[in-house]
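# Observations on chain architecture
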Amino acid sequence: MLELYDGALDVPAILKRWYEEEAKSNYGAYIPFIGTIRDEDSIEGLSFDVYEPILISWFNSWQNKAKAKGAIIKMAHSKGDVMLHESSYIAAVFSPKRRVALEFIDAFVEDFKASAPIWKYDLKHGERIYAKDRSTAIQGSGILS
Amino acid sequence: MVRVEFLGPIQKDPLALEITNLNELAKILQGDDELGEWLKTSAVAVNDTLVSSLECELKDGDKVSLLPPVCGG
């Protein structure tokens, strides 16, 4: 399940709903990762662009990997502006046993950072500035150059 | 016509081009000063599937997207 929201995520509500959705699915482990905007470099917040068609296919390929291990993934992400101390990202893995979920959440979040078609901007002095130095070129980039 | 889209922070309007493969697109975009460094760092998708080489035929109605470096979360 992939959920996109305009602005900040309502973390308690999402975690609670996901918990309740799977409460009787016989998963022994529910491991969420929550990304929150920190106060650093004088930013007022962050802003995100999302390209949904490729994000959905990227997510579905991970969901298939999870299913092969008897697990499922849920993910929520913000579009647009998210201010300091609000959250823009939740990923969670449900699996029968903890080891699969712990390993999966690590691999999933790392690939999310490297591959998911989402662009981040710092909100500073009323401007929206692309976070170029913190961004990663998707594998296979540069073929047109 | 093939539609070419520039995603995220690449501030460029979409193009509509009469091209039949990605090699032709590469030549056109390499001559576009607006793109600067973006070509070196951007991934390419054809009809929303990422491609890893220029050996890709294009037909009328196809969509090519350029995806610059990402940072979700």
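So, here is what we can say about the structure in this document.

Cut-off values and rules
- Residues numbered from 1 in each chain as written.
- Chains lettered and ligands numbered in written order.
- Predicted model: local features only at pLDDT ≥ 70, side-chain atom pairs only at ≥ 80, totals over all residues.
- Core = buried A, V, L, I, M, F, W, Y, C linked by C-beta atoms within 7 Å.
- Buried ≥ 20, exposed ≤ 12 C-beta atoms within 10 Å, placed from the backbone.
- Helix = DSSP H or I, 4+ residues; strand = E, 2+ residues; numbered from the N terminus.
- Contact = placed C-beta atoms within 7 Å.
- Nonpolar A, V, L, I, M, F, W, Y, C, P; charged D, E, K, R; others polar.

### Focus on the nonpolar core
All names here are of chain A. Judged by nonpolar contacts, the single largest core of 52 residues is most densely connected at A91, V93 and F108. When residues in this core are grouped by element, the largest group, six residues, is from strand β5 (residues 87-95). Ignoring any residue separated from it by four or fewer positions in sequence, one finds A91 in contact with F33, I73, M75, I105, F108, V109 and F112.

### Notes on unusual backbone geometry
Here S42 of chain A, not a glycine, exhibits a phi torsion of approximately 60 degrees, which is positive. Secondary-structure assignment places S42 of chain A in the loop between β2 (29-36) and β3 (45-50). Positive phi outside glycine occurs at N47 of chain B, with the angle close to 50 degrees. With respect to the helices, strands and loops of the structure, N47 of chain B is situated in the loop between β3 (43-46) and β4 (49-51). N47 of chain B gets classed as partly exposed once you count the C-beta atoms within 10 Å, which come to 13.

### Topic: the interface of chain B and chain A
Contact with chain B, which involves 24 residues of that partner, is made by 29 residues of chain A. Going through the elements one at a time, α1 (22-30), α2 (38-41) and β3 of chain B are the ones with two or more residues in the side of chain B that touches chain A. Along the lines of polarity and charge, the residues of the side of chain B that touches chain A split into 15 nonpolar, seven polar and two charged.

### Here's the deal with the environment of I105 of chain A
Residue and element names in this part refer to chain A. Structurally, the position occupied by I105 is in helix α3 (residues 98-115). Each C-alpha atom of the pair I105 and I31 lies 7.4 Å from the other, and the pair is 74 residues apart in sequence. Excluding residues within four positions of it along the chain, I105 makes contact with I31, F33, A91 and V93.

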